[in-house]
Amino acid sequence: MKKLMFILLPSIILWTILFPSYGQNGNSGIEKLYTKSREYKLAKTLALASGEYLLFGNTTAGKYGGYDIFISRTDNKFEILDESFYGDISDDYFFDAFQLNNGDIVFFGKKAAIVNNNPRWNLFYTKLSQNGKKTFYREFVSFENDSIAQSRELPDGDVLLIGNKEDWGDRDQNIWLSCFNDKGNLKWQVNIGERYIDEIGLDVIHDGDSYFLLAEKREQGKITPLIIKTDLTGNIQWQKEIEGMQGYNLNRFFLGKDNSFVVFGVEKSFTDNKLVAFQIDKSARLIQKSIMGNFDQNAFLSFTQDEESIFVLSNTDSRGRVYKYNFQQNTTSFASVNHEANVKFIELSVDKGDFVMGGNISIRNEPKVYLQKNHLSFEDVSESNMEIPKDQVRAESGLSQIEVLSPPNNMGIARMFNANKVSLKLKINSEKPISDVFSNDTKMSAVGDKIYTLDVALKEGYNDFEVKAVTNDGNTITKYVSIENILGEKSTEMLSKGKSYALIITVNHYSDPSIVGLDNPKNDGESLVSTLQSLYTFEKENTYFLVDPTREDIITKFDELVKEIGKDDNLLIFYAGHGYWDKNTNIGYWLPSDAKKSNTANWLSNSTIKDFISAIPSKHTLLIADACFSGGIFKTRKAFSDNIASVDKLYELPSRKAMTSGALTEVPDKSVFIQYLVKRLNENDKKYISSEELFSSMRSAVLNNSTNVPQYGEIQGSGDEGGDFIFIRRDL
């Protein structure tokens with residue numbers, strides 16, 4: 001019989017080392033490093049019923065160039081038996097895979113495609129029989145940002161997928177739930193989500209006659225965790241917010257005991273991340289919270305389970321750690337695993353009591369595959385980490401959530417600096433009359449329609465407040481508010497060490513009569529300057545306003561800034577005027593006041609602007625461009641994300657970011673973009689706000705009130721290292 005799946009490639013160079021104990025408490029194991037001639041990046045390991053393993057990932061060693069999917073089959077000591085590549089002349093990327101109960105393998109990915117002469121990314125679904133034969137291949141049209149989060153086999157042999165798709169009308173993310181039969185044909189598909197708001201599907205569980213979806217709603221930098229219940233064809237039965245889980249990045253959830261779920265999330269802080277397990281009932285009410293432990297900021301979490309426990313793999317700075325959550329007994333334990341230096345584990349599976357951990361290690365700047373198998377012994381985590389709410393959340397009809405108005409919070413956690421106390425201000429949105437509102441059993445004062453306030457003392461570190469609103473008929477709703485108080489001068493010293501510079505460039509009038517003049521750029525620039533100087537740390541002597549400058553004027557000022565700005569300083573560049581995108585050369589331009597329509601001699605190209613941004617030795621540079629075709633500054637690199645890091649972390653690394661009013665399109669003279677930019681800067685009441693958070697707060701408003709799609713990202717090849725520009729208010 002033909003061996004499962006693949007033909008052994010003679011080019012594979014295999015380095016195998018069998019090591020003694022690397023696990024805690026004398027655990028023995030096998031360690032394997034694959035050093036091949038090209039880039040190999042592991043994404044998934046499967047322990048097969050045959051005792052063999054399948055490795056899935058991406059490689060540049062494919063037949064046609066670019067990225068292909070590789071599948072390697074190994075024996076139980078990780079010796080490669082055979083290998084195969086899946087892909088064509090376009091890039092192909094792996095998402096997920098699992099083994100069906102009948103032994104067949106299904107896997108899912110995404111590939112570059114051309115649809116109606118336009119570039120597109122298509123999702124695909126492939127099934128392989130036990131002897132490696134491709135049973136079917138299904139491809140469906142999608143956007144670049146479409147993805148598959150999890151895949152599940154259903155009791156009848158169907159396959160259920162949960163993922164996320166860009167909506168065609170407004171380009172936000174909606175949850176995508178699909179069911180395929182055993183032939184790969186689509187049985188049904190539903191999209192779940194509101195317009196202009198990102199709803200992100202994370203996981204799905206089949207339970208009897210229902211599906212339960214773990215999801216997040218992301219709006220203006222705020223993440224709200226959700227449980228969605230549907231019938232077996234995806235029709236929504238109810239959708240509820242999970243109280244007590246604000247401020248956590250959720251990952252996966254599992255069926256626990258007593259008709260409950262176990263949800264895993266990550267609590268981010270300035271110093272570390274905490275892995276937290278939540279037990280919730282099937283009405284989305286919080287039952288119990290368990291802090292399992294800390295892990296590295298850059299860790300990738302992987303999950304697997306057996307009949308009574310859930311296992312979570314994460315990285316610390318020096319070793320891997322496996323957490324064991326026993327949902328039958330509500331206990332937590334862990335085991336640490338040593339490994340080769342610089343290895344980042346990403347995948348965990350359990351095979352007959354052995355733990356198989358897969359990851360990647362960089363050798364000569366190329367990722368290689370690293371595997372390790374251990375039999376682990378677990379140590380108990382202190383029971384003091386268990387937290388049971390005093391009153392379980394009651395999510396009843398007629399009650400909606402408690403809204404925190406002050407202090408301002410990002411993703412559920414407010415952060416203060418050197419604060420002794422703060423005024424906690426809430427809005428209670430309830431259809432039923434409210435009798436009392438309490439914070440940690442202290443009654444709050446009513447100060448307006450549905451508004452309640454209380455001055456609360458703060459200690460160093462995290463300050464947790466349980467807010468409980470009681471209606472006249474005795475019903476309650478509880479919300480957990482967390483405020484982190486950072487003492488000392490680390491943040492303020494770091495952020496105030498350098499100066500804040502601003503270069504404002506506006507062009508209303510052009511010397512060439514064939515270039516139509518503009519009415520609003522100067523007024524827009526004056527509005528921005530006024531806000532920056534009055535509310536933020538931009539001093540008048542460090543703010544340069546060029547009105548109707550020539551190309552020489554702009555370049556001269558750039559030359560001066562190269563010499564004037566130091567390594568701890570920050571620079572904001574704003575341009576409002578005409579822009580132009582040359583489709584023949586793929587070059588974008590700003591048009592200074594002396595530009596001529598007949599030639600490009602006095603035009604200012606994006607590449608020239610980028611060269612100056614690279615040359616100016618600032619800590620952070622932010623370019624804001626309100627001009628036609630301004631999105632061309634990004635080239636192909638996109639940096640906008642939903643997870644906004646702490647101020648310290650963002651400021652620590654240099655950045656070169658850009659924010660533009662549109663992509664490769666025309667924008668109107670009267671700018672909605674600058675209107676909401678200045679409005680959000682004026683409304684902001686945080687001491688520190690990053691440019692990414694600012695953009696997130698205004699993006700929906702711009703989309704709702706104009707035909708343009710604002711852009712945010714890093715300026716490729718200009719020296720960005722992952723940080724961000726921080727706006728610092730004067731009066732907080």
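See the structure above.
Undergrad: Which parts of the structure should I look at to understand helix α2 (residues 521-535)?
TA: Two residues of an α-helix separated by three or four positions point the same way, owing to the 3.6 residues in each turn. Spanning 15 residues, α2 covers 21 Å between terminal C-alpha atoms, matching the ideal 21 Å at 1.5 Å per step. For α2, the set of buried residues is P521, D524, G525, L528, V529, T531, L532 and L535. Residues of α2 that are buried sit in contact with β42 (500-506), β43 (543-547), β44 (570-576), β48 (620-626), α6 (672-683) and β52 (726-728).

Undergrad: It is not clear to me how the sheet that holds strand β17 (residues 222-230) should be interpreted in this structure. Could you clarify?
TA: Hydrogen bonds along the backbone pair up the strands of a sheet, which may run parallel or antiparallel. On the basis of which strands lie adjacent, the open sheet formed by four strands has the order β15-β16-β17-β18 and antiparallel pairing. Of all the strands in the sheet, the pair left with one neighbour each is β15 (198-207) and β18 (236-241). Strand-to-strand, the axes of this sheet are offset by a mean angle of 20 degrees, without reference to chain direction. Of the strand pairs in this sheet, strand β16 (residues 210-219) and β17 are connected by nine bridges, and their pairing is antiparallel. Bridged to E219 within β17 is K222.

Undergrad: I would appreciate a short explanation of unusual backbone geometry in the present structure.
TA: If a residue is not glycine, its phi is most likely negative; likewise, a peptide bond is most likely trans. Of note, F78 is a non-glycine position whose phi angle comes to about 70 degrees, a positive value. Positionally, F78 belongs in the loop between β5 (68-74) and β6 (80-86). In the Ramachandran plot, N440 falls in the positive-phi region, its phi being about 50 degrees despite a non-glycine side chain. Looking at the secondary structure, you find N440 in the loop between β36 (434-439) and β37 (442-443). With relative accessibility at 34%, the residue N440 sits in the partly exposed group.

Undergrad: Could you clarify how one ought to interpret the packing of α2 against α6 in this entry?
TA: Pairs of packed helices are described in terms of their axes, by the angle between the two and the distance that separates them. For the pair α2 and α6, interaxial distance at closest approach is 10 Å and the crossing angle is 15 degrees. It follows that α2 is roughly parallel to α6 by the angle criterion. Regarding α2 and α6, the two cross each other, and that crossing is left-handed. When α2 is examined against α6, the residues D524, S527, L528, T531, L532 and L535 are found in contact with a partner set consisting of I674, L677, V678, L681 and N682. Tallied by class, residues from the contact of α2 with α6 come to seven nonpolar, three polar and one charged.

Undergrad: Can you help me understand α6 in this one?
TA: Between the first and last C-alpha of α6 there are 16 Å, a value that for twelve residues agrees with the 16 Å anticipated at 1.5 Å per step. Buried within α6 we find V672, F673, I674, Y676, L677, V678, R680 and L681. Buried residues along α6 sit against α2, β44, β48, β49 (655-660), α7 (691-705) and β52.

Undergrad: Even after reading the chapter, I still don't get the sheet that holds strand β45 (residues 579-582), so can you show me in this structure?
TA: In spatial order, the strands read β45-β46-β47; together these three strands make up an open sheet with antiparallel pairing. Edge positions in the sheet fall to β45 and β47 (604-605), since each has one partner strand and no second. In terms of strand pairing, β45 meets strand β46 (residues 587-590) through four bridges, oriented antiparallel. Of the residues in β46, the one forming a bridge with G579 is W590.

Undergrad: Which parts of the structure should I look at to understand the packing of helix α3 (residues 551-564) against helix α4 (residues 606-615)?
TA: The interhelical angle for the contact between α3 and α4, taken along N-to-C directions, is 20 degrees, at an axis separation of 9 Å. Relative to α4, the element α3 is oriented roughly parallel. Here α3 runs over α4; the crossing is left-handed. Of α4, the residues touching α3 (which contributes R551, I555, F558, D559 and V562) are T608, F612 and A615. Split into classes, the residues belonging to the contact of α3 with α4 amount to five nonpolar, one polar and two charged.

Undergrad: When you look at the nonpolar core in this model, what are you seeing that I'm missing?
TA: Soluble, globular proteins show a tendency: their nonpolar side chains are buried together. Counting residues in each nonpolar core, the largest one holds 30 residues, and the members touching the most others are L572, M659, L677 and F727. Mapped onto this core, the elements with two or more residues apiece are β42, α2, β44, β48, α6 and α7. In terms of residue count, the dominant contributor to this core is α6 (seven residues). Setting aside chain neighbours within four positions, we find F727 in contact with L532, Y536, F538, L572, L622, L681, K687, Y688, I689, S691 and L694.

Undergrad: Mind showing me how you'd approach the environment of Y211 here?
TA: Looking at where Y211 falls in the secondary structure, it is placed in strand β16. You can call Y211 buried: its relative accessible area is 3%. On a C-alpha basis, the gap between Y211 and N235 in space is 9.6 Å, while along the polypeptide they are 24 residues apart. Setting aside chain neighbours within four positions, we find Y211 in contact with L154, L160, W188, V204, I205, H206, I228, K229, T230, D231 and L232.

Undergrad: Looking at this structure, I do not really get the packing of aromatic side chains. What am I missing?
TA: For any pair of aromatic rings, the description consists of the separation of the ring centres together with the inter-plane angle of the planes. Enumeration over the complete set of coordinates arrives at 30 aromatic pairs. Aromatic side chains F253 and F261 sit 5.1 Å apart centroid to centroid with 50 degrees between the ring planes, which places their arrangement in the tilted category. Both residues of the pair, F253 and F261, count as buried. Each ring, one from Y589 and one from W603, has its centre 5.1 Å from the other, and the planes form 75 degrees; the classification is edge-to-face. Pair noted here: Y589 is in strand β46 and W603 is in the loop between β46 and β47, with a separation of 14 residues, a long-range link.

Undergrad: Is there a simple way to think about the pattern of salt bridges in this case?
TA: Pairing between side chains of opposite charge can happen when the charged atoms of each approach one another. In total, this model carries 18 salt bridges according to the counting rule given. When the shortest N-O distance is used, the salt bridge between D158 and K187 registers 2.6 Å. Highlighted residues: D158 in the loop between β11 (147-153) and β12 (159-166) and K187 in strand β14 (residues 186-192), separated in sequence by 29 residues. Note on D158: relative accessible area 6%, which makes it buried. Close ionic contact of K443 with D436 constitutes a salt bridge, the shortest N to O distance being 3.0 Å. Residue D436 is classed as partly exposed on the basis of its relative accessible area, which comes to 22%. Taken together, the shared-partner salt bridges connect K44, D96 and E347 into one network.

Criteria and thresholds
Residues numbered from 1 in each chain as written. Predicted model: local features only at pLDDT ≥ 70, side-chain atom pairs only at ≥ 80, totals over all residues. Heavy atoms only, no water. Helix = DSSP H or I, 4+ residues; strand = E, 2+ residues; numbered from the N terminus. Expected span 1.5 Å × (residues − 1). Buried < 20%, exposed > 50% of the residue type's maximum accessible area, 1.4 Å probe, protein only. Contact = heavy atoms within 4.5 Å. Pairing = 2+ DSSP bridges. Axes fitted to C-alpha atoms, helices over the stretch in contact; angles between N-to-C directions. Parallel < 35°, antiparallel > 145°, perpendicular 65-115°, else oblique. Left-handed = near helix turned anticlockwise from the far one by under 90°. Nonpolar A, V, L, I, M, F, W, Y, C, P; charged D, E, K, R; others polar. Core = buried A, V, L, I, M, F, W, Y, C linked by side-chain atoms within 4.5 Å. Phe/Tyr/Trp six-rings, centres within 6.5 Å; stacked < 30°, edge-to-face > 60°. Salt bridge = Lys/Arg side-chain N within 4 Å of Asp/Glu carboxyl O.

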